[in-house]
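Structural overview
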Amino acid sequence: MGGEALEAARREKLQKIRQLGLDPWGGRFDGHEPIARIRQREKEIRMVAPGDCQIGHPPQEQGPHVRAAGRIVLQRPTGKLLFLNIRDWTGQIQVLIGQRQVGEKNWAVAKCLDLGDLVGVDGELKHTKTGELSIFADALHFLCKSLEPPPAKFKGLRDPELRQRMRYLDLAYNEGVLERFLRRTKIVESIRRTLAGEGFVEVEGPTLHAIAGGAAARPFITHHNALDIDLYLRIALELHLKRLLVGGMERVYELGRVYRNEGISPRHNPEFTMLEAYQAYGDYRTMMDLAEKLIVEAIQATGQSLRLPWGEGEIDFTPPFARRTYDELLAEYAKVDPAEPASVVEGARRAGLETAGKHPDVVKNELFETVVTDQLAGPVFVMDYPAAICPLTKRKTDAPHIAERFELFIQGMEVANAYTELNDPDLQEELFRTQLAGLPEEESMARMDRDFIRALRHGMPPAGGLGIGIDRLVMLLTNAQTIREVILFPLLRPEQE
RNA sequence: GAGGCUGUAGCUCAGCAGGUAGAGCAACGGACUUUUAAUCCGUAGGUCCCGGGUUCGAAUCCCGGCAGCCUCACCA
């Protein structure tokens, strides 16, 4: 039977439901408990002896009367008895519907049920002969017809394209998918709670920028008609949050979407969620402590231990996370002397990198990203970056070639990035002006933003700033090997008609 | 953007030395008041991703396109 015939069969049942005087699209349904909570009421079940204990009158269970609502995910009809498994967003439970027990009208409804329909159930919670906790229905409430057949009941929806295009089906039927996205929500809630506890305030900056600054990435371009100007979707939150530091918001953060017009991969989606937090009178070490706290509390909020499964192995998030310097790691993995440009160039050549015409710090960083980052299982804070590749970061007072920056690496992924923020307007202006040799313009963070310089000239408090890639953090905390598993609707080419 | 892999029933997948398409689940009809991926009997269901080509004959071979996945590049 093809798709049309499958739908026709369901529409026929929809008509029968109408003929029974019921709305096949349901309506308000009050007083039902989440299935997980109903399952907890198992302990209220009591054994009751009917009078005296005689042969033929064994003790019987008596359980609480419960009301549930959910989607039918499995159906087992056995003559005048029907077993359903219904699922809501907290769990699943078996429902037993007997023709004699529910009466003729309810039984007529039961015969119209298809996999995927939404139903409400009233009944007694107790065990079947085989010991399965079940709701023994005494009333059925039809809540919504599903006109489309669900995916295969055991294997589910496997095709990665269909899983993304029809995320509703992925969520409704595939084991663990809804749970992972609910866990993402808990992580984000925990981050907000932690920041609030530390005295941060949340703000909303503009997403349409005249200058796409604060990071090195190609922006999406759009157009405002009334002003007749091109605008960019933001690629970072940084420069507006720092303006707010100037304005006196001493602890401020934004948790929101940024957009980068770059490739798509298991670790990249063109729009993704970023946290940026800025703390006046702090520095990058302050931010290190904050990053650690945000992550540890997020893990605790999901009810997990600090040793999390990751693929075949696990990640140990027990604080304190390792702290290593950039040069130390470069020396260890690339076998070069980080202080000697000639040694670094030699190492880069060994790694097969093109070095001609490139700034020494650009070469150094390409070598670092080629040889070191993949090896960092972490969590590890990599500290003290070459200054030339960090145009928004304060330099070390006693070592101006080193920027007070760290990145947090976990499983080779850059999860967080933090600076002691540069607040010297003259140096900032100079760095915006300097285009590093070997870097095309769109790959540079150096984009002149005159208003931002003006803001710095009015005095930005010394500060620490932290950015966290929320999607990647959620990947690590939910054992998701691709970013698409933690973004509800990742970018796909539109379906063709 | 480059290379590799994949695309067959509503879903999950077989079939690909070229001979006219198959299973499981779902669906439909029948039996069944304790099943749990229920079971048993029966029925029906296809633009083999799209477009060309080779051939007597193409799901299968060739070319082009579309979509997804993986790797690489850019990026977080």
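Before any of the text, the structure's been laid out above.
The sections below set out a description of the structure shown in this document.

What counts and how
Residues numbered from 1 in each chain as written. Chains lettered and ligands numbered in written order. Predicted model: local features only at pLDDT ≥ 70, side-chain atom pairs only at ≥ 80, totals over all residues. Heavy atoms only, no water. Pairing = 2+ DSSP bridges. Helix = DSSP H or I, 4+ residues; strand = E, 2+ residues; numbered from the N terminus. Axes fitted to C-alpha atoms, helices over the stretch in contact; angles between N-to-C directions. Parallel < 35°, antiparallel > 145°, perpendicular 65-115°, else oblique. Left-handed = near helix turned anticlockwise from the far one by under 90°. Contact = heavy atoms within 4.5 Å. Nonpolar A, V, L, I, M, F, W, Y, C, P; charged D, E, K, R; others polar. Buried < 20%, exposed > 50% of the residue type's maximum accessible area, 1.4 Å probe, protein only. Polar contact = N/O pair within 3.5 Å; in protein donor to acceptor, adjacent residues only side chain to side chain. Phe/Tyr/Trp six-rings, centres within 6.5 Å; stacked < 30°, edge-to-face > 60°.

1. Focus: the sheet that holds strand β4 (residues 81–88)
- Reading around the circumference, β3-β4-β5-β7-β6 is the order of the five strands in this closed barrel, with mixed pairing throughout. Mean inter-strand twist for the sheet, computed between neighbouring axes without regard to direction, equals 55°.
- Two strands pair when backbone bridges link them, and strand β5 (residues 91–98) and strand β7 (residues 133–144) are joined in this way by three bridges, in the parallel orientation. Bridged to V95 within β7 is I135.

2. Here we look at the packing of helix α10 (residues 341–350) against helix α11 (residues 360–371)
- The N-to-C vectors of α10 and α11 enclose an angle of 45°; their axes lie 9 Å apart at closest approach. It follows from the interaxial angle that α10 and α11 lie oblique. For α10 against α11, the interelement crossing comes out left-handed. Facing α10, whose interface residues are V344, V345, G347 and A348, α11 presents V363, K364 and L367.
- Among the residues forming the contact of α10 with α11, the class breakdown is five nonpolar, one polar and one charged.

3. Structural notes on the side chain of E33
- By secondary structure assignment, the location of E33 is in the loop between α1 (3–19) and α2 (35–40).
- The class for E33 is buried, based on a relative accessible area of 13%.
- A polar contact is formed between the side chain of E33 and the side chain of R41, at a distance of 2.7 Å.
- Among residues more than four places away in sequence, those in contact with E33 are I38, R41, V66, R67, A68 and D88.

4. Re the sheet that holds strand β11 (residues 229–233)
- Across the sheet, which stays open at both edges, the three strands sit in the order β9-β11-β10 with antiparallel pairing between neighbours. The two strands at the open ends of the sheet, each matched to only one other strand, are β9 (208–209) and β10 (221–224).
- Of the pairings in the sheet, the one linking β9 to β11 comprises two bridges and is antiparallel in character. Bridge pairing in β11 links L208 to L233.

5. What to know about the pairing of strand β14 (residues 307–310)
- On β14, burial follows the alternation: L308 and W310 on one face are buried, whereas R307 and P309 on the facing-out side are not.
- Sheet topology places β14 next to strand β15 (residues 313–316); four bridges connect them, and they run antiparallel. Looking at β15, one finds that R307 is bridged to D316.
- Connecting the antiparallel pair β14 and β15 is a turn made up of two residues, with G311 showing a positive phi of about 55°.

6. Topic: the packing of aromatic side chains
- In the structure shown here, the tally under the stated rule is seven aromatic pairs.
- Summarising the aromatic geometry, the rings of Y326 and Y385 are spaced 4.7 Å apart at their centres and angled 50° between planes, so their arrangement reads as tilted. Pair noted here: Y326 is in helix α9 (residues 326–334) and Y385 is in strand β17 (residues 380–386), with a separation of 59 residues, a long-range link.
- Classification of Y326 as buried rests on a relative accessible area of 0%.

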